[in-house]
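Understanding the architecture of this molecule
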Amino acid sequence: MRSSQYFLGCECFRKYESSIVFLVATTIYINVLYGEFLFDDIVAILDNKDVLPSTPLEAVFQHDFWGTAMTDWQSHKSFRPLTILSFRLSYIIAGRFDELQFHLTNVVLHGVASVLALPVCRAMLCGADDSHAKVPFVAALLFAAHPIHTD
């Protein structure tokens, strides 16, 4: 038996899967922390009143991603309340529009989403059969590292 097979097949490895996925997901995007707000960030974050804690919370669920009422004919109908709530959380934590705080919050949330992908992949790809136990781990790593998550 090769040592790499033993390591990946070892039950002790499974308890570190979540940590490894989180580490990969956050490390791979760590370079964005000191970036500026760019392009659509200006409209989606800086100009979007729904990001501000002074705006009623229900507005997040009545407006599109850009802060336009969903009933407005100019609305893009891009309904993403969890994204806007994450922007609002970043604003509340920093107390202002702080690029570092916004990027850090998003990197950590991406790490958490990647870890949550692990049990979802396990349920979808393995079910009761644990013979392909490495497949969900690899799928979660792919989710964590895939460039579709960049903007």
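Above this note sits the structure.
Here's a quick rundown of the structure. (Residues numbered from 1 in each chain as written. Predicted model: local features only at pLDDT ≥ 70, side-chain atom pairs only at ≥ 80, totals over all residues. Heavy atoms only, no water.)

Here we come to the overall build of the protein. Scanning the protein from N- to C-terminus turns up seven helices and zero strands. Helices and strands in the protein line up, N terminus first, as α-α-α-α-α-α-α. Out of the 151 residues belonging to the protein, those deemed buried represent 32%. In the protein, once contacts between residues fewer than 6 apart in sequence are set aside, the share between residues at least 24 apart is 56%. (Helix = DSSP H or I, 4+ residues; strand = E, 2+ residues; numbered from the N terminus. Buried < 20%, exposed > 50% of the residue type's maximum accessible area, 1.4 Å probe, protein only. Contact = heavy atoms within 4.5 Å.)

This part covers the packing of helix H6 (residues 99-125) against helix H7 (residues 134-145). Where H6 contacts H7, the axes come no closer than 8 Å and their chain directions differ by 145°. Here the hand of the crossing between H6 and H7 comes out right-handed. Contacts between H6 and H7 involve His-110, Ala-113, Ser-114, Ala-117, Leu-118, Cys-121, Arg-122 and Leu-125 on the former and, on the latter, Val-135, Pro-136, Phe-137, Ala-139, Ala-140, Phe-143 and Ala-144. The class makeup of the residues in the contact of H6 with H7 is 12 nonpolar, two polar and one charged. (Axes fitted to C-alpha atoms, helices over the stretch in contact; angles between N-to-C directions. Left-handed = near helix turned anticlockwise from the far one by under 90°. Nonpolar A, V, L, I, M, F, W, Y, C, P; charged D, E, K, R; others polar.)

Turning our attention to the nonpolar core. Core analysis: the biggest nonpolar cluster contains 11 residues, these being Phe-37, Ala-44, Ile-45, Val-51, Leu-52, Val-60, Phe-65, Ile-84, Phe-87, Tyr-91 and Phe-102. The biggest single contributor to this core is helix H5 (residues 81-94), with three residues. Not counting residues up to four positions away in its chain, the partners in contact with Ile-84 are Ala-44, Asn-48, Asp-50, Val-51, Val-60 and Phe-65. Residues Phe-13, Val-21, Leu-118 and Phe-137 belong to the second largest nonpolar core, which totals seven residues. (Core = buried A, V, L, I, M, F, W, Y, C linked by side-chain atoms within 4.5 Å.)

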